[in-house]
Amino acid sequence: MSDNTEKSNRGRSGQENLKDIIESLQAKDYIVSYETDYRDGYKGFDPKQFFFQYLIEYENKEIWILHSTTSIRSDRMNIQQWNAEHLKRLNGYIKKAYVVYPNGLSDQELRNAKNYQDKLEEGIQYSAVDGVVSQSEMYSIVERYALELLGSKGKALAKRGNNFESWVTEILNSTENFLKWKNNDPIKTGFVYDIFIRLVENMDLKKQDVVSINATNDVPRLPSGGKAKTDILVTVDTFDGEYTFTYSCKKTGSDWVSAHEYSADQFVDTLGIDDPGLVVALNDFQTCGTIEKLPKPSYEALSRRLSAYNEKLNKWVLGGIGGQGDPETQWAHNIITYNENTASFKIESIDDYVESLERKGMTGNFGTLFRWTYPSGGLGKRIQLKMKVE
């Protein structure tokens, strides 16, 4: 295969994977529609003179145009600048134009892309292109704007969490990703491939042994009817047998996010607390819901004696370990976090996550890693714990 043919095929792969991302965004109701091969022109001239590969539309009628590339060179970018400039003039609904590259670019192409993006951010040159971003960054930018349009903070948070689980599941189930990884295929660009690689590395998979990878975010509820800590269940078929991996997922724009909601009685039962004073203190906290209103004896009991149960508490809060459900499928032994403020995506075992927070001196309330409060509408009924997301 010639170099030109290989480049052409790689470019086509990147374009198809961007289309997959757009379809995923539409399936999640982040956009209402999209078009391929969007073209327009001035009256009296070629009506198809200016071109971007994709157009997406939001519920407020705003339009963005997207173009995939696997090579960020100034001559190519000048073409996209020209097209973006005139397409925006011709269609007043077009507010943004992005050039999007696959996450699995070569180091040199990645440097080129980031250098170009830096110039845009620093305002060094005039630009009709609003950003040169990776596939995963494009997904996040669209998601963030769509959630802003949703208005209700509660609805936006719930939608973001559920759709994050679905997005990671799609990455794991991507045939393109599996074949690129399994066969070292240089043509395929992959569907947010760098995240896929980090996931298979977390599972310590050896490509020569793996037959298939299947993931689902449709995990059965606990016997009580509550949601299992496992958000994504992965089944890996190998020549040596079948293995399962469980993941809890947290995506947030805040440093602290809700992680746990149970009654004081469930805290006592699951942690095996037989200290009468601590039992009273947990119930007192449930009743008042805040540290400021907590009676002093209960505050002191929680501050001095709860830390003895920290290991059990950490595993239960973060992974459901030791609580209800099937240990094989409903207890999460790994955690995936994404902090939108820092664009930090992390995959760690529960034990490594806890160790990392402890090593950095992270503390919450009562000598635990968590901040203690109560859920909306749950005062006097449940205790809510919030976890740190870096």
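Residues numbered from 1 in each chain as written. Predicted model: local features only at pLDDT ≥ 70, side-chain atom pairs only at ≥ 80, totals over all residues. Heavy atoms only, no water.

Caption draft 1: Representation of the overall build of the protein within the structure. Looking only at helices and strands, the protein features 12 helices and 13 strands. Each of the 390 residues in the protein was classed as buried or not, and the buried ones make up 49%. Contacts in the protein between residues far apart in sequence, at least 24 positions, make up 65% of those at least 6 positions apart. Here the protein has roughly 18,800 Å² of accessible surface; of this, 46% comes from carbon and sulfur atoms. Here the protein carries 48 positive and 56 negative side-chain charges, and the mean point of each set is 5 Å from the other. (Helix = DSSP H or I, 4+ residues; strand = E, 2+ residues; numbered from the N terminus. Buried < 20%, exposed > 50% of the residue type's maximum accessible area, 1.4 Å probe, protein only. Contact = heavy atoms within 4.5 Å. Areas by Shrake-Rupley, 256 points an atom, 1.4 Å probe, with all protein chains shown as cover. Lys, Arg positive; Asp, Glu negative; His and termini not counted. Charge placed at Lys NZ, Arg CZ, Asp CG, Glu CD.)

Caption draft 2: Highlighting the environment of Leu-149. For Leu-149, the position within the fold is in helix α4 (residues 135-150). Look at Leu-149 and you get partly exposed, because its relative accessible area is 26%. The spatial distance from the C-alpha of Leu-149 to the C-alpha of Tyr-30 is 9.3 Å, given a sequence separation of 119 residues.

Caption draft 3: Broad picture of the layout of surface pockets. Of the volumes computed, that of the largest pocket is approximately 980 Å³. No other element matches helix α5 (residues 153-173), which puts nine residues into the lining of the largest pocket. Class assignment of the residues belonging to the lining of the largest pocket gives a composition of nine nonpolar, 11 polar and 10 charged. Secondary-structure elements contributing two or more residues to the lining of the second largest pocket are α1 (3-27), β3 (63-68) and α2 (74-90). The element best represented in the lining of the second largest pocket is α1, accounting for six residues. Of the residues that constitute the lining of the second largest pocket, the class distribution is six nonpolar, 13 polar and eight charged. (1 Å grid on protein atoms, 1.4 Å probe; cavity = no way out; pocket = protein on both sides within 12 Å on 5 of 7 lines; lining within 4 Å. Points joined across faces, edges and corners; volume = space filled by probe spheres on them. Nonpolar A, V, L, I, M, F, W, Y, C, P; charged D, E, K, R; others polar.)

Caption draft 4: A look at the sheet that holds strand β10 (residues 334-339). Overall, mixed pairing links the five strands, which are arranged β6-β7-β8-β10-β11 in an open sheet. Edge positions in the open sheet fall to β6 (210-216) and β11 (344-349), since each of these has one partner strand only. Taking each pair of neighbouring strands and ignoring which way they run, the sheet shows an average axis angle of 20 degrees. With six bridges connecting them, β6 and strand β7 (residues 232-238) associate as antiparallel partners. Within the sheet, the bridge partner assigned to Ile-213 lies in β7 and is Val-236. Helix α12 (residues 350-359) contacts β10 and β11 of the sheet and is inclined by roughly 115 degrees relative to β11. (Pairing = 2+ DSSP bridges. Axes fitted to C-alpha atoms, helices over the stretch in contact; angles between N-to-C directions.)

Caption draft 5: A look at the packing of aromatic side chains. Applying the stated criterion across every chain yields a total of 22 aromatic pairs. Taken together through their ring pairs, the aromatic side chains of Tyr-262, Phe-267, Phe-285, Tyr-299, Trp-316, Phe-366 and Trp-372 make up a single cluster. Lys-180 extends its terminal NZ or CZ atom over the ring of Tyr-193, reaching a point 5.1 Å from the ring centre. (Phe/Tyr/Trp six-rings, centres within 6.5 Å; stacked < 30°, edge-to-face > 60°. Lys NZ or Arg CZ within 6 Å of the ring centre and 35° of its normal.)

Caption draft 6: Summary view of helix α8 (residues 264-271). Of all the positions in α8, only Ala-264, Phe-267, Val-268 and Leu-271 are classed as buried. For α8, the arc enclosing every buried residue in end-on projection is 95 degrees, short of the 170-degree limit, so these residues lie on one face. Of the residues trailing α8, Gly-272 is marked for its positive phi of about 70 degrees. (Arc of directions from axis to C-beta.)

The values reported here are purely geometric and, on their own, carry no functional implication.
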